[in-house]
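The lines below spell out each chain.
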Amino acid sequence: MERSSDEERSDEDLMAAVAGGDGAAFRALAQRVVPSSLRLARTLLRGAAEADAEDIVQDAMLRVWVNAPRWRPERPFRAWLYRIVVNLVANQRRRARPAPLAEVDEPVDPGRSALADIEARETDRLLAEAVAALPDRQASAVVLTYQEGLSNAEVAEILETTIAGVEALLVRARRSIRARLGAHFGAPDM
Amino acid sequence: MMRFRLWSSRRAADRRGDKAVDAALAAYFRRAAPEGAEEGAERVLAGLRRAPLPPQRRGVLWWWPSALLTSELSPAWSSIAALGCAALIGFGVGSLARVPAAAETHTAAQVFAGDADFGNAIFDYDPVHGVTR
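Residues numbered from 1 in each chain as written. Chains lettered and ligands numbered in written order. Predicted model: local features only at pLDDT ≥ 70, side-chain atom pairs only at ≥ 80, totals over all residues. Heavy atoms only, no water.

(A) Inspection of the overall build of chain B at higher detail. Across its full length, chain B holds seven helices and zero strands. Listing the helices and strands of chain B from first to last along the sequence gives α-α-α-α-α-α-α. Taken over 133 residues, chain B has a buried fraction of 20%. For chain B, the exposed surface amounts to about 10,100 Å²; the carbon and sulfur share of it is 63%. (Helix = DSSP H or I, 4+ residues; strand = E, 2+ residues; numbered from the N terminus. Buried < 20%, exposed > 50% of the residue type's maximum accessible area, 1.4 Å probe, protein only. Areas by Shrake-Rupley, 256 points an atom, 1.4 Å probe, with all protein chains shown as cover.)

(B) The arrangement of the pattern of salt bridges in detail. Taken as a whole and assessed by the stated rule, the structure comprises twelve salt bridges over all chains. Note that R39 of chain A and E148 of chain A form a salt bridge whose closest N and O atoms lie 3.0 Å from each other. Note that R39 of chain A is positioned in helix α3 (residues 23–45) and E148 of chain A in the loop between α7 (136–147) and α8 (152–158), a separation of 109 residues in sequence. Residue classification places R39 of chain A among the partly exposed residues on the basis of a relative accessible area of 31%. E42 of chain B is paired through a salt bridge with R49 of chain B; the nearest N and O atoms lie 2.9 Å apart. Each member of the salt-bridge network shares a partner with another, and the members are D11, R32 and R78 of chain A. (Salt bridge = Lys/Arg side-chain N within 4 Å of Asp/Glu carboxyl O.)

(C) Structural view of unusual backbone geometry. Here E160 of chain A, not a glycine, exhibits a phi torsion of approximately 55°, which is positive. Within the secondary structure layout, E160 of chain A lies in the loop between α8 and α9 (163–180).

(D) Examining α7 of chain A more closely. Counted at 1.5 Å a residue, the expected span for α7 of chain A with its twelve residues is 16 Å, and the 15 Å between its end C-alpha atoms agrees. Trailing α7 of chain A by a residue or two, G149 of chain A shows a phi angle of about 65°, which is positive. (Expected span 1.5 Å × (residues − 1).)

Scope: geometric values only; no functional claims are made or implied.
Put into structure tokens, the structure is as follows:
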């Protein structure tokens, strides 16, 4: 299969070819989805070693290949892949001790004034700590919604729950974050 | 009246707080680009290219649950599997209990025992009682 035609094909088209045992389609699909899967795994692992996130994504991609004939074409491919990644991260977090919060990445935003930069970094640090302190499912819902920009329906599919369940997870997560960062956002009435 | 005002002002503060958290989370994740993400992705892709891909699961046992799910049999597939197993057991027991041309070679009691269905085997105290060779 030519590279240009692979780029034009949807994830689902490529996955259908992967289900038929097409190794080239699998590599094209991996090229497309590995960066976002790695970003998801890294955020959900919350400060664990980079190698862990890479191992998880590699394992997830091999599972995609091995189980490709079982993939159901009417379901979005990314939801299936992200579900595998989320489950593998949950397994990994159950096995490993949580990392100290100080190790959580602090994002950098170039092009700000010094004061605004310090303030933003402080807010980001507190937000990173608050997200890291959330229970696994709430953290997964937050990351899939805000980082990956998925709809509640897609998140529900990945977390194997209902849309109302996702909304409840997000409400609880926002409340926990507000309770933790009361000075910034006003503590909620619990 | 006072209580209601207090309650509604708290609700309004809650909504503002939720919106602020929502906006802060969106901004945080927009800014948060982990360093070395591209190198990490390249390492994963190199790993996938280097190792030979394992065989895919193509056996009937692997795909038939998926086929049932595709046919929207998901809520009932376990019941169908149980029914299929019961049918298979019934067929097996029925086949084993059948004696061809029994009437020509066996006594009446043996013929009765040979024609007996699975219910007889369970509920009769001793279906071949009294048979002597």
